Amino acid sequence: MPAVSKGDGMRGLAVFISDIRNCKSKEAEIKRINKELANIRSKFKGDKALDGYSKKKYVCKLLFIFLLGHDIDFGHMEAVNLLSSNKYTEKQIGYLFISVLVNSNSELIRLINNAIKNDLSSRNPTFMCLALHCIANVGSREMAEAFASEIPRILVAGDTMDSVKQSAALCLLRLYKTSPDLVLMGEWTSRVVHLLNDQHMGVVTAAISLITCLSQKNPDEFKTCVSLAVSRLSRIVSSASTDLQDYTYYFVPAPWLSCKLLRLLQCYPPPEDGAVKGRLVECLETILNKAQEPPKSKKVQHSNAKNAILFEAISLIIHYDSEPNLLVRACNQLGQFLQHRETNLRYLALESMCTLASSEFSHEAVKTHIETVINALKTERDVSVRQRAADLLYAMCDRSNAKQIVAEMLSYLETADYSIREEMVLKVAILAEKYAVDYSWYVDTILNLIRIAGDYVSEEVWYRVIQIVINRDDVQGYAAKTVFEALQAPACHENMVKVGGYILGEFGNLIAGDPRSSPLVQFNLLHSKFHLCSVPTRALLLSAYIKFINLFPETKATIQEVLRCDSQIRNSDVELQQRAVEYLKLSSIASTDVLATVLEEMPPFPERESSILAKLKKKKGPGAVSVTELEDSKREGGELNGGGDRGQDTATMAASNASTPSPSADLLGIRSTAPLGAAPASAGSLLVDVFSEAGPTAPSAAVNDDGFLRFVCKNNGVLFENQLLQIGIKSEYRQNLGRMYLFYGNKTSVQFASFTTTVSCPGELQSQLNVQTKPVEPLVEGGAQIQQVLNIECLTDFSDAPLLNIKFRYGGALQNLTLKLPVTINKFFQPTEMTSHDFFQRWKQLSQPQQEAQKIFKANNSMDTEVLKAKLLGLGTALLDNVDPNPENYVCAGVIQTKSQQVGCLLRLEPNAQAQVQHTDSPERVSHNYSSIPNFLHYLSPYSVNI
Amino acid sequence: MGKRALFRRVFSFLVQAPRCFDQLLFPLLCQKNKKTRVRRRRDHEPCLLLLLLLLLLLILLLLLLHEAKTAFQRTTARPRPPLFSFLSIRFILIQNRAGKTRLAKWYMQFDDDEKQKLIEEVHAVVTVRDAKHTNFVEFRNFKIIYRRYAGLYFCICVDVTDNNLAYLEGIHNFVEVLNEYFHNVCELDLVFNFYKVYTVVDEMFLAGEIRETSQTKVLKQLLMLQSLE
């Protein structure tokens, strides 16, 4: 029986700890600690050399003091000394001290690395493990540099002890995570994969974590692990509960290893080899079967371990999404868990089912559990379980059950926790819109939503109901009638007043025939709410009133009276006052015809993706949105408002932020927001990409220069945006100087700490471009935006773009981001006007080979004259009309201004409409003859010649 | 067992104090030590009244905390998976109900202030939950999987996509090892032997991953280390 509780430890330490625990007050504790610190300091400084035991004891005391939350500024040297001791206990304390109080003091790191190196080569497994654990715990770059090549050797060596192998595998994993560039697997790959076959299950457990991580990065190199993992899994799954002895946990054979194996398989598509696949399917079936067997133990540990494997297996089944039989079985199994008495299982079952609902094979099976899920929504005690139930209802919703689900969610909303109300509101609004067959139901639902949870109904929701009512004639009368009735409630939410004001203003005439809702009654009803509303709502109501004058001339006098009264026409709010004055004038001066034109019914809104969906996505973040949302947006195409891709919302945002006079901003921004594939910014493809309409590709965090290409022809807009951060750019250029304003917006509600930005010019760009800036404030509050100004000077021609590196802490995690700043040579173009004669004379002069470049490329989208013109202007050159004899061609001229010299550029674009080819055999000619012209041209070509 | 005798000598105040307040000596896994359980029950009798009072206080406190929790949940929106995610375990924390940390093992770089903040937040999130709640809590961009043993909360912070039950049982496996190693482990063992607890953790979890799951193997190794000087 292991028992540590002998007096084997350090007596002095025990006494010190109990002293601290005896302290009655914080002050007493601090006093005692200071006394101890003084004591230790004098011991360390004393002339008498300390023996290993005392050193260990004092270092350990220091560590304890540190763990109590006090700063320690000495003792590091003594700890490092302990590392070279031959006694395990001393060494262990030394390593522990180092691991807990990591210090990037370079000198110490060198000493520590030295000690580690000695221990690694000591061939003493205990010491090797200690050293490896220290590397794994600290995982600094310096350590990676020192040991990244050594550790794989230890890992695959034949004579390494099993426990050392385990530590080495995970140690390598840690180094790979911190410095992937330093860990080169190469030759070790196959030997590492074969660790999956190791005799020792502990080694497999440790190695599989490493393999999983590596194969996420290089799936192809580690492909062989699939068949090995399957055979290992099948051996474990088919073993009897006692076979694996040490690794059997409450009668479940190797639960953690099984989970890890199943997780590794989720990095790959289903195995192609039939035999392997058959074996895997067999395994999965066995796991599902085992879930049905009576438990071998009543202990919760047994069922937990068993179910851990089951849930991981279900994730794999969902990941493959190709075995209808397994999917349905998984769904039935989860259905059983929905009524299990363990809250944990109910929670997890709801969570897994959410992903199952998005598979076409199991969607129907999931739907059968609707009653249970609704019940869970009503009765669960844990808010997070209710949240999962709401998520699942949302995921399983389709046309057949939408009415029921929406009704249940609405009724739940009345009692829902405040924390999840806003999300629930968005979900109800989306479902109601998506599955509305009958739009009066939709209108009812949304009005109910506003009635029940008005405070949580965001702008997007009520905008959307108005968009839909305006776009559909069949529902307008009903909507007017319903809002009219809703407004009759003595207290109604301001959002209801907004919707009511807007809809009655537009379609009040549709219900005016009924004497109970005659124009005057409608107006009085609206006006009775007026004084309780905020300024924006009042402004909206004023617009509704003027629309009333147009709809119902008989109300003109009353309304004019209202507008004329002091509280409107002299309102202290400028907007209200202006509206009152203008509307009053409009109604008294303009003739009926003019009024009717000005105040005509709103034209239909362009159909596009629901802004609510975008909001929900934003709220939930990319991962939480998961498959379901992606699925939704796919399906949505076919549903109600067919069209609009995911990128569009950001695109419009970018467009609205852009205030370039050139119309090209919008045209360019409109669709290319999605990253342009992984387009290499190589010269040839660059401009083609600018013109191409990139299809919506999945946004990925890794591609950070996606914003770059859009800025070739424009100066303002959103350069980068993710869940946390939005970076906007405004820039202006004059001659060889430029100024760029960067706006960093924190999109979260949490502060960004240690926010730093650095602009660097890689390589030879340093001598070509001069970029100056001041550091920004290190703290960015939630929702706040900070600004940074860059002063740019172009010294000579350049081809790279400067890099912007942004670092900040968000919720403790360090975020690091590198972007290309859109500074391109064409920004320094100065447009030049010239006559046809001049142009062709110069064109002919520039005939040497290095002075021209030419390119033919295919147009990716239709060649619209206006678009092309806008883009050419955006490029910075002057577009010369009536120069080229062929009116189809475009001719441009400009001078590139650098500090060292000025370079004239001429450009011709010859579109060939029949072949849909931008047949650009027009050379670009450059006036100056200077040394780097070929290089310059090479760079310039993608921008200008290709156009 | 000599150590416990030593503690009693050193902290006579602890022994004299009513045992029901002395959470620190409760075995974490009580089913193995019937003696303590019996004694505990007997000791409860004289302080029944006190207990009732405490209960009332506790209810009040819980109500307050619940309020605080909902407020907390409102401010922290739904979890967003981190942008740069590789690790599975972010940190392991052992805290008592009063919020004292008994072990903190970090597998991700945090600065000291951030660590302190995390410790406090975890405590606030975990202690308000009762037995009817799940053992999982969403926490910032991650989730916490926790289990309570006597007065101690063992919390593991992992990615939202990680396997909840596997880590829940990982905690239990760890506690069983501690229990064997310290021979009926109680909170005080973790206080006085904090440096050994780190060794146990490193044997079972390394670099944010599970290193060894066999209790026999871990204990054998720990015993071997114990015998070294």
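Owing to the predicted nature of the structure, the values given are computational and were not obtained by experimental measurement. (Residues numbered from 1 in each chain as written. Chains lettered and ligands numbered in written order. Predicted model: local features only at pLDDT ≥ 70, side-chain atom pairs only at ≥ 80, totals over all residues. Heavy atoms only, no water.)

This part is about the overall build of chain B. Counting its secondary structure elements, chain B contains nine helices and seven strands. The 229 residues of chain B split such that 60% are buried. Contacts in chain B between residues at least 24 apart in sequence constitute 57% of all its contacts with a sequence separation of at least 6. Entry remark: accessible area of chain B is about 10000 Å², with carbon and sulfur atoms responsible for 62%. (Helix = DSSP H or I, 4+ residues; strand = E, 2+ residues; numbered from the N terminus. Buried < 20%, exposed > 50% of the residue type's maximum accessible area, 1.4 Å probe, protein only. Contact = heavy atoms within 4.5 Å. Areas by Shrake-Rupley, 256 points an atom, 1.4 Å probe, with all protein chains shown as cover.)

The partner chain B presents 83 residues to the 94 residues of chain A that form the contact. In this assembly, chain A packs against chain B so that about 8000 Å² is buried in total across both faces, 55% of it on carbon and sulfur atoms. The interface formed by chain A and chain B includes seven salt bridges. Note that Asp382(A) and Arg129(B) form a salt bridge whose closest N and O atoms lie 2.7 Å from each other. Linking chain A with chain B are 29 residue pairs in polar contact (both at pLDDT 80 or more), by the criterion used here. Examining the composition of the side of chain A that touches chain B, we find that eight residues originate from one element, helix 16 (residues 300–320) of chain A, more than from any other. (Buried area = accessible area lost by both parts, 1.4 Å probe. Salt bridge = Lys/Arg side-chain N within 4 Å of Asp/Glu carboxyl O. Polar contact = N/O pair within 3.5 Å; in protein donor to acceptor, adjacent residues only side chain to side chain.)

The predicted structure's coordinates, where accompanied by low pLDDT, should not be read in detail. All names here are of chain B. This prediction gives chain B a mean pLDDT of 79; 72% of its residues lie at or above 70. Looking across chain B, the model is least confident in helix 2 (residues 12–16), with a mean pLDDT of 37, and most confident in helix 6 (residues 164–181), with 96. Predicted confidence is poor over residues 5–21, with pLDDT under 50, and the contacts of this stretch with residues over four places away or in other chains come to 21 contacts. When the criterion is pLDDT under 50, residues 32–43 qualifies, and its contacts beyond four places in sequence or with other chains add up to eleven contacts. Across the predicted assembly, pTM comes out at 0.66 and ipTM at 0.74. (pLDDT = per-residue confidence, 0-100.)

The nonpolar side chains of a soluble globular protein tend to be buried with one another. Counting residues in each nonpolar core, the largest one holds 278 residues, and the members touching the most others are Ile116(A), Leu196(A), Leu449(A), Phe154(B) and Phe205(B). The biggest single contributor to this core is helix 16 of chain A, with eleven residues. When residues no more than four places from it in sequence are discounted, the contact partners of Leu449(A) are Leu410(A), Leu413(A), Val425(A), Val428(A), Ala429(A), Gly454(A), Val457(A) and Val461(A). One finds Phe720(A), Val771(A), Phe828(A) and Cys905(A) within the second-largest nonpolar core, a separate group that totals 38 residues. (Core = buried A, V, L, I, M, F, W, Y, C linked by side-chain atoms within 4.5 Å.)

Moving on, we get to the packing of helix 3 (residues 52–67) of chain A against helix 5 (residues 88–100) of chain A. Residues and elements named next belong to chain A. Where helix 3 contacts helix 5, the two axes come as close as 9 Å, and the packing angle between them is 30°. Comparing the axis directions of helix 3 and helix 5 gives the class roughly parallel. Between helix 3 and helix 5 lies a crossing of left-handed hand. Every residue of helix 5 that contacts helix 3 at Gly 52, Tyr 53, Lys 56, Val 59, Cys 60, Leu 62, Leu 63, Phe 66 and Leu 67 is listed here: Thr 89, Glu 90, Ile 93, Leu 96, Phe 97 and Val 100. For the contact of helix 3 with helix 5, the residue count by class is eleven nonpolar, two polar and two charged. (Axes fitted to C-alpha atoms, helices over the stretch in contact; angles between N-to-C directions. Parallel < 35°, antiparallel > 145°, perpendicular 65-115°, else oblique. Left-handed = near helix turned anticlockwise from the far one by under 90°. Nonpolar A, V, L, I, M, F, W, Y, C, P; charged D, E, K, R; others polar.)

What follows covers the sheet that holds strand 4 (residues 725–734) of chain A. Residues and elements named next belong to chain A. One open sheet accounts for five strands, arranged 3-4-5-8-7; its pairing is antiparallel. Only two strands of the sheet have a single neighbouring strand rather than two, namely strand 3 (717–721) and strand 7 (769–773). Averaged over all pairs of adjacent strands, the angle between strand axes in this sheet comes to 25°, irrespective of strand direction. Relative to strand 4, strand 3 is paired through four bridges, and the arrangement is antiparallel. Within strand 4, the residue paired with Glu 721 across the bridge is Gln 726. (Pairing = 2+ DSSP bridges.)

Let's shift gears to the packing of aromatic side chains. All names here are of chain A. Enumeration over the complete set of coordinates arrives at 29 aromatic pairs over all chains. Between Phe 548 and Phe 552, the ring centres sit 5.3 Å apart and the planes meet at 85°, which makes this aromatic pair edge-to-face. Taken together, the ring pairs in this structure connect Phe 523, Phe 530, Tyr 545, Phe 548 and Phe 552 into an aromatic cluster. Directly above the aromatic system of Phe 127 lies the positively charged group of Lys 91, at a separation of 4.4 Å from the ring centroid. (Phe/Tyr/Trp six-rings, centres within 6.5 Å; stacked < 30°, edge-to-face > 60°. Lys NZ or Arg CZ within 6 Å of the ring centre and 35° of its normal.)

What follows covers the environment of Arg148(B). Residues and elements named next belong to chain B. Its location among the elements puts Arg 148 in strand 4 (residues 142–149). Between the alpha carbons of Arg 148 and Leu 28 there is a distance of 8.8 Å; along the sequence they are 120 residues apart. Ignoring anything within four residues of it in the chain, the contact list for Arg 148 reads Arg 97 and Tyr 153. Of note is the side chain of Arg 148, whose polar atom sits 2.9 Å from the backbone oxygen of Ala 150.

Okay, unusual backbone geometry next. Here Ser754(A), not a glycine, exhibits a phi torsion of approximately 35°, which is positive. Topologically, Ser754(A) is positioned in strand 6 (residues 752–760). Exposure remark for Ser754(A): the relative accessible area of 38% places this residue in the partly exposed category. Despite not being glycine, His183(B) shows a phi value in the positive range, around 55°. Positionally, His183(B) belongs in the loop between helix 6 and helix 7 (187–192).

Residue and element names in this part refer to chain B. Burial analysis of strand 5 (residues 152–159) places eight of its eight residues in the buried class, the great majority of the element. Where strand 4 and strand 5 come together, eight bridges link them in antiparallel fashion. When the sheet's bridge partners are listed, Ile 145 is paired in strand 5 with Ile 156. Hairpin connection, strand 4 to strand 5: the antiparallel pair is bridged by two residues, and Ala 150 has positive phi, about 45°.

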